[in-house]
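Take a look at the letters that make up each chain.
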Amino acid sequence: MRKPALYSPSHRAGSSQTDERAAPAAEPEPAPAPAPAGRVRRFRQASARAASSPRVMWSAMALLAALLAASVWQAGVGGPKALTQKDIDAAVLRTLTTQNLPSRAARAAEKIRPAVVRVMSYAKNSEGKEVEQGVGTGVVITDKGIILTNLHVVQTALSVKVVYADGSESPATVTGAQPQNDLAVLQAQIIPDDLIAATMRSTNDLVSGEEVVAVGFPFGIGPSVSSGVISGFDRAFKSPEGVQEIGNLIQFDAAANPGNSGGPLVTMDGEVIGVVTGILNPTSHRTFVGIGFAVPIESAASAAGLPPF
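Since we're looking at a predicted model, the values are computed, not measured.

J.: Is there a simple way to explain the packing of aromatic side chains in this structure?
T.: In this description, a pair of aromatic rings is defined by centroid distance and the angle of the planes. Here the structure, examined in full by the defined rule, presents one aromatic pair. Centroid distance Phe 237 to Phe 293: 5.0 Å. Interplanar angle 25°. Geometry classified as stacked. With Phe 237 in strand E10 (residues 224-237) and Phe 293 in strand E14 (residues 292-296), the pair connects residues that are 56 residues apart, well separated along the chain. Note on accessibility: Phe 237 and Phe 293 belong to one class, buried.

Here you go:
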């Protein structure tokens, strides 16, 4: 059974309510360890002597008390030692210094990777043969095979094919477009049973300087991962090939190049906040100089008829 689109709310709104939980019952103290066999034999001998003489009986009782005290002391010494904060800090430090933990960017990329697809567009050449026209990126937003990408990636294509993260392929059709935001909606015709959709997250509480990751196929290479920060909001951009200016964009500095178009811009939680749409370069070269733009996910999802927030 297919699932609807996944949305993640803002992560900054903390709850003012506190949970009252019953204090856990105290654990029973461990029973004292049994006395060794040798001590038991001595106790029996003392008990036998005590039956024939009161003096021996008092001596046996004194011996018994001493044996019990020794047993309790031995159990206390050999029992489990309570952990201190110093022990915990030492264990954490040892883990950090002896193991290579994945970075936040690596964890974000791993989470979004199953939902990232290669988008390949085809056109006919001068001989009438269908050839590959270009490569872009798309992101799966529902496990029914709905994919967001850039309109300029597929606009002039005669046919479109998507390649999933597991290497399987599917023809795709353009089912919607939002030209003012350079967005297109694709519907894959072959849908893997285990297709994973991305989680979309509101941009309302994001601020400049927050870390982000871009995943895509720059120059057809990939999936490739780059990381950076959000540089600003409400930016405007017009590509050298375009005549229309796009507004309300997220500016970021994670490396992006031709082929990244249509790919997801995600938080360190691996949640999509935008669709990469262009890069700014004051020269004629289509290479990254540190300024990229993404359409906020609120606009991108509405292109598919899924306003999430």
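J.: Would you take a moment to explain a nonpolar patch on the surface for this structure?
T.: Among the surface-exposed residues, Leu 83, Ile 88, Val 92, Leu 96 and Leu 101 lie close enough to one another that they form a single nonpolar patch of about 500 Å² accessible area. In this structure, Leu 83 sits in the loop between helix H2 (54-78) and helix H3 (85-98). We classify Leu 83 as exposed; its relative accessible area is 68%.

J.: What is the right way to look at the sheet that holds strand E2 (residues 116-124) in this model?
T.: Adjacent strands of a sheet form backbone hydrogen bonds with each other and so pair up, either parallel or antiparallel. Pairing is antiparallel in the closed barrel, where six strands are placed in the order E2-E3-E4-E7-E6-E5. Strand-to-strand twist across the sheet, computed as the mean angle between neighbouring axes with direction ignored, equals 40°. Pairing geometry for E2 and strand E5 (residues 159-163), over five bridges, is antiparallel. Following the sheet pairing, Arg 118 is matched in E5 by Val 163.

J.: Looking at this model, I keep getting lost on the confidence of the model for the protein. Mind explaining?
T.: Parts of the prediction with low pLDDT should not have their coordinates interpreted in detail. Averaged over every residue, the pLDDT of the protein is 82; the share at 70 or more is 73%. When pLDDT is averaged over each helix and strand of the protein, the minimum, 49, is found for helix H1 (residues 37-50) and the maximum, 98, for strand E9 (residues 211-216). Here residues 14-26 is modelled with pLDDT under 50, and outside its nearest four sequence neighbours on either side it reaches zero contacts, counting other chains as well.

J.: Mind showing me how you'd approach the pattern of salt bridges here?
T.: When their charged atoms lie close together, side chains carrying opposite charge are able to pair. All told, the structure shown has four salt bridges when counted by the stated rule. The closest approach of N and O atoms between Arg 113 and Glu 110, which form a salt bridge, is 3.7 Å.

Reading the values: rules and limits
- For every chain, the first residue of its written sequence is number 1, and the numbers climb from 1 along that sequence.
- A pLDDT threshold of at least 70 governs which residues receive local features in this predicted model, and a stricter bar of 80 or more applies before side-chain atom pairs are shown or counted, although totals over entire chains, interfaces and linings include all residues.
- With hydrogens and water excluded, all non-hydrogen atoms of the structure serve as input to the side-chain values.
- We call Phe, Tyr and Trp rings a pair once their centres come within 6.5 Å, taking the six-membered ring for Trp, and we label the pair stacked below 30 degrees between planes, edge-to-face above 60, and tilted otherwise.
- Per the convention used, a helix needs a DSSP run of H or I reaching at least four residues, while a strand needs a run of E reaching at least two, with both numbered from the N terminus.
- Note on exposure labels: buried denotes an accessible area under 20% of the residue type's maximum, exposed denotes more than 50%, and partly exposed covers the range between, all computed with a 1.4 Å probe on protein chains only.
- Patch rule: a residue counts if its relative accessible area is over 30% and it has no salt bridge; like charges are joined within 9 Å, and nonpolar side chains (Val, Leu, Ile, Met, Phe, Trp, Tyr) within 5 Å.
- We get accessible surface area from the Shrake-Rupley algorithm with a probe of 1.4 Å; when it comes to residues, only the shown protein chains can shield them.
- Basic side-chain nitrogens of Lys or Arg form a salt bridge, by our definition, when they fall within 4 Å of a carboxyl oxygen of Asp or Glu.
- A pair of strands counts as paired when DSSP detects no fewer than two bridges linking them.
- Note on geometry: axes are C-alpha line fits, over the in-contact stretch for helices, and angles between N-to-C directions span 0 to 180 degrees.
- A score from 0 to 100, pLDDT tells how confident the predictor is in each residue.
- Contacts: residue pairs with any heavy atoms within 4.5 Å of one another.

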